[in-house]
Amino acid sequence: MKKIFFVALFFATCKLSAQDAIEYQTPPKEIYDLVMAKPTPGVNFNSKGQYMLVLDRSSMPSVEDLAQPELRIAGLRINPNNFSPSRTAYFTSITIKEVNSGKEFAVTGLPANLKAGNLQWSPNEDKAAFTNTTNTTVDIYVIDIKTHKATKVNKAAVNLVLGAAFDWIDNNSLLYTAVNKPLSMAPKKPLAPKGPTVQENLGKVAASVTYQDLIKNPFDESQFEFYATTQLIKNNNGTETKIGIPAIYSSVNTSPDKKYLLVERIDKPFSYLVTAGGFNSTMLITDMNGNTLKQLAKLPSSELAPTGNDNVLNAPRGYNWLDNSPATVQWIEPLDSGLIKKKMDFHDAAYILAAPFTGTPKELVKTAQRMYNVTDVTTDLFFVTEGSRAKHRQKMSKLTADGKMEVLIDRSTDDAYNDPGTPLTEKNKYGRNTIKLVNGTQLFMRGIGASSKGDLPFLNSFNINTKETKQLWRCEEPYYETLTDVLDFDKLIIITNKQSQTEPPNYYVRNLSTGTAKAITAFADPQPGLRGITKQKITYKRKDGVDLAADLYLPKGYDKAKDGPLPVMMWAYPREFKSAADAAQLRGSKYTFTRVGYGSIVFWATQGYAIMDNTEFPIVGEGDKQPNDNFVDQLTWSAEAAINKIAEMGVGDSSRVAVGGHSYGAFMTANLLAHTNLFKAGIARSGAYNRTLTPFGFQNEERTYWQAPEVYFNMSPFAFADKIKTPLLMIHGEADNNPGTFPIQSERLYNAIKGHGGTVRFVQLPFEAHGYAAKENILHMLWEQHQWLEKYVKHGGKYVK
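Everything numeric here is computed off the predicted structure, so don't read it as measured data. (Residues numbered from 1 in each chain as written. Predicted model: local features only at pLDDT ≥ 70, side-chain atom pairs only at ≥ 80, totals over all residues. Heavy atoms only, no water.)

> Account for the overall build of the protein chain, naming residues and giving values.
Helix and strand counts for the protein chain stand at 10 helices and 50 strands. Relative to a compact globule of 801 residues, whose C-alpha radius of gyration would be 28 Å, the protein chain shows 28 Å and is just as compact. Projected onto the principal axes, the alpha-carbon positions of the protein chain cover approximately 75 × 75 × 60 Å. A burial count over the protein chain gives 55% of its 801 residues as buried. Working note: accessible area of the protein chain is about 34700 Å², and carbon and sulfur atoms make up 49% of it. Placing the 90 positive and 81 negative side-chain charges of the protein chain at their respective mean positions leaves the two points 3 Å apart. (Helix = DSSP H or I, 4+ residues; strand = E, 2+ residues; numbered from the N terminus. Rg over C-alpha atoms; globule rule 2.2 N^0.38 Å. Buried < 20%, exposed > 50% of the residue type's maximum accessible area, 1.4 Å probe, protein only. Areas by Shrake-Rupley, 256 points an atom, 1.4 Å probe, with all protein chains shown as cover. Lys, Arg positive; Asp, Glu negative; His and termini not counted. Charge placed at Lys NZ, Arg CZ, Asp CG, Glu CD.)

This is the structure we're talking about:
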């Protein structure tokens, strides 16, 4: 099969014109073997730690798989043949393992060609349910853990178009959405429309993100309505009962006492500016038969939401059930019409309404900043989280029954060193996961444990009265060990995932009281071809004093004295900070076991390159300054510092350095090539290069193009395409679905560089989204990157085969 790729330059070994048809290629064997290695299985523990499910992961699909019919409407990608998402990874086998004995049991009754997903344990954890996807339908199977048998329980085909799979109501009952009408009734596209497509705005402010795959015409509307309309089903041991009437259910949640449903129903008209998650909708409370008991709100389309990081739609949001009450619904409303810059003492308020839902909603709490959530810890204790995305701040307070608020944690979201972690949960009497509180005072907190030594994950206790922290466990060097779950809070028995530079990740049961640990998995090294490659965390400082770091990988057997400085590949993704001190903190761990996915650049350590991965490119704007006000300068300073460091170490040749990145990293790459002469080549994958095409903000930039046109212009490498003379390889998925990174971004930059005589190659991968999936496309992408690096970096512009 031949595919068309657009090029401006190919290699000296071939004679090509401005565009050429080539067949799929594969990278060198060392890289091929690594990317094709069988993935390590996934695991899923029950909360008691008695059983674990070992789940084999699916391999990469083929291009032919991606080429199957697909509907791209309302921000969704739908397989029209089985009413499910068209691009999903699956588990291909399930094995039950007893944690204590280590015995493994094959599950009988599994369907052939298993494509399992959405695994959920039943409330009492005697069963586990999952969906199985075929070419024509999605079904639900339930595994009996004791008999090791799986049984298909549904008769009506399951509809996963809007994402929700199913929920356990009790140990014998499931709730799910089913296909409403047979595929034969799907709308047929007319040869010609009945009229033009018209959009209109009558004076309302409706600034929106540049979403992809939107509804574009009346036929799209009819398709969305057909595929998204579902029938709610209750399944009790295989007996199906319809609940209510068919509708477009955005979400359905059962109350803790199992007597009511909290329903969000999507309403017409459908928006042409936002995805399905932002359509007009109605919030309802129904009984378990689908009868409406209370209409909570009519929610407008999110296309009316104001721009700005801390602004919100002027409407209620965040509806959910309180976990520790039988049936009390809670939500948040803006008090400032959604505009954070309004001068007010309080910007948000939270409300609750208890069954039978006939009274007046009760105001629970008000916050001075934008409220993120309210979590009920007990029936008379709540945690309230608020903050500012623009200021990079977050605060968590406790709210007691007397209405008093006390701040527990107030921190910069960028300050990794002082991140106290996240409270752990356990099941309450309703079977819902709620925050574990011991003796009314102690929380268990799990965190990444960032420090000047790198990440050393921890388990701490935190006293909500004294605010004192006590360390219960912490990862010890030279390992990287993360907390997976707590099996027994009283005896302090936990499950961890442990690895080192020489030991692949595996799971352990640790008894913190006795100090003992037992391995419960023995997963082998999936990529032995990487062994011998060395890894170290290097640190250095850029010209404005900000400390930086990178993960440095060197080839197996590399000897600096003998081999000298190597060609360098640098990979990065910029990140914004409001504090230079926070930006300077060390992130990540030097003790991880080296593994690579398809997008990694570490592959090239097998090809004689020094690799700088996770190279830090912080963009800092302190006080009233915005990070992007001098974006290009800060990129340049970080690049210069990284190159100087690896040259000073004697392992990298500063005259042979390439830079690359994916998405915002691609945007960074194009900017560095437009404004510096530091690099021999660049690789930019799935980026956006003209910021005027994302005029209502991008990444963490909340100013619009019309508010800061000079920022948008100066940050757009497209505006400086005439300056890009360093060889640039551009790769983009033909079906990119990420907001802002439309394929036209790469097409236009390619044309601009070509039009000014630059050296550029543009590869468009058929059927690929923002992340790539198909085996043929991934192998070809790696081949393209290898050819580019070999010609323009390792051999300085002269390709040596």
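> If you had to explain the packing of aromatic side chains to someone new, which residues and values would you point to?
Enumeration over the complete set of coordinates arrives at 27 aromatic pairs. Taken together, a centroid distance of 5.4 Å and an interplanar angle of 25° make the contact between Tyr319 and Trp331 stacked. Of this pair, Tyr319 sits in strand β22 (residues 317-321) while Trp331 is found in strand β23 (residues 328-334), placing the two residues 12 residues apart along the sequence. Classification of Trp331 by relative accessible area gives buried; the value is 5%. Geometrically, the ring pair formed by Phe667 and Phe698 is edge-to-face, given 6.5 Å between the ring centres and 65° between the ring planes. Highlighted residues: Phe667 in helix α7 (residues 664-675) and Phe698 in the loop between β48 (681-685) and α8 (709-714), separated in sequence by 31 residues. Phe698 gets classed as buried once you look at its relative accessible area, which sits at 5%. Connected via pairs of aromatic rings, a cluster forms that spans Tyr573, Phe631, Tyr664, Phe667, Phe696, Phe698, Tyr705, Trp706 and Tyr712. (Phe/Tyr/Trp six-rings, centres within 6.5 Å; stacked < 30°, edge-to-face > 60°.)

> Let's hear about the pairing of strand β39 (residues 506-511): which residues, and what values?
For β39, a buried count of 6 out of 6 residues is recorded, marking the element as mostly surrounded by other parts of the structure. The alternating pattern of β39 places Asn506, Tyr508 and Arg510 and Tyr507, Val509 and Asn511 on opposite faces, both of which are buried. Taken together, strand β38 (residues 493-499) and the strand that follows it, β39, pair antiparallel across an intervening segment of 6 residues. In textbook terms, the turn of a hairpin is the stretch between consecutive antiparallel strands, and for β39 and strand β40 (residues 516-519) this stretch comprises 4 residues, one of which, Gly515, has a positive phi near 75°. (Pairing = 2+ DSSP bridges.)

> So, helix α6 (residues 631-648): which residues are in play, and what are the values?
In this model α6 runs 26 Å from its N-terminal to its C-terminal C-alpha over 18 residues, within 8% of the 26 Å that 1.5 Å per residue would give. Inspection of α6 places Phe631, Val632, Gln634, Leu635, Thr636, Trp637, Ser638, Ala639, Ala641, Ala642, Ile643 and Ile646 among the buried residues, and these make up the whole buried set. One or two steps after α6, the chain reaches Gly650, where phi turns positive at roughly 80°. (Expected span 1.5 Å × (residues − 1).)

> Any details on the nonpolar core? Residues and values, ideally.
With 58 residues, the main nonpolar core has Leu552, Met612, Phe679 and Leu749 as its most contacted residues. Leave out the neighbours within four places in its chain, and Met612 touches Ile538, Tyr540, Ala550, Asp551, Leu552, Val568, Met569, Met570, Trp571, Ala642 and Ile646. Counting residues in each nonpolar core, the second largest holds 32 residues, with Ile31, Phe603, Ala605 and Leu782 among its members. (Core = buried A, V, L, I, M, F, W, Y, C linked by side-chain atoms within 4.5 Å. Contact = heavy atoms within 4.5 Å.)

> How would you summarise a nonpolar patch on the surface if you had to cite specific residues and measurements?
Together, Leu335, Met344 and Phe346 make up an exposed nonpolar region whose accessible area comes to about 220 Å². Locating Leu335 in the fold gives a position in the loop between β23 and β24 (348-354). For Leu335, a relative accessible area of 33% gives the class partly exposed. (Patch = residues over 30% accessible without salt bridge, like charges linked within 9 Å, V, L, I, M, F, W, Y side chains within 5 Å. Salt bridge = Lys/Arg side-chain N within 4 Å of Asp/Glu carboxyl O.)

> Lay out the pairing of strand β17 (residues 239-247) in plain terms, naming residues and giving numbers.
On a regular strand, one side chain projects to one face of the sheet and the next to the other, so that they alternate. Where strand β16 (residues 230-236) and β17 come together, 6 bridges link them in antiparallel fashion. Note on β17: the bridge partner recorded for Asn236 is Thr239. Here β16 folds back onto β17, and the loop between the two strands holds 2 residues, one of which, Asn237, carries a positive phi near 50°.

> Any chance you could break down the pattern of salt bridges for me, citing the residues and the numbers?
In the structure shown here, the tally under the stated rule is 31 salt bridges. Where Arg575 meets Asp414, a salt bridge forms, and the shortest distance between an N and an O atom there is 3.4 Å. Taken together, the positions of Arg575 in strand β44 (residues 575-577) and Asp414 in the loop between β29 (405-412) and β30 (422-423) put the pair 161 residues apart, joining distant regions of the chain. Among the ionic pairs, Lys453 bridges to Glu477, the shortest N-O distance being 3.7 Å. You can see Lys453 sitting in the loop between β34 (442-447) and β35 (458-463) and its partner Glu477 sitting in the loop between β36 (469-474) and β37 (480-488), a full 24 residues away along the chain. Given the relative accessible area of 52%, Lys453 is considered exposed. Judged by relative accessible area, Glu477 falls into the partly exposed class, the value being 34%.

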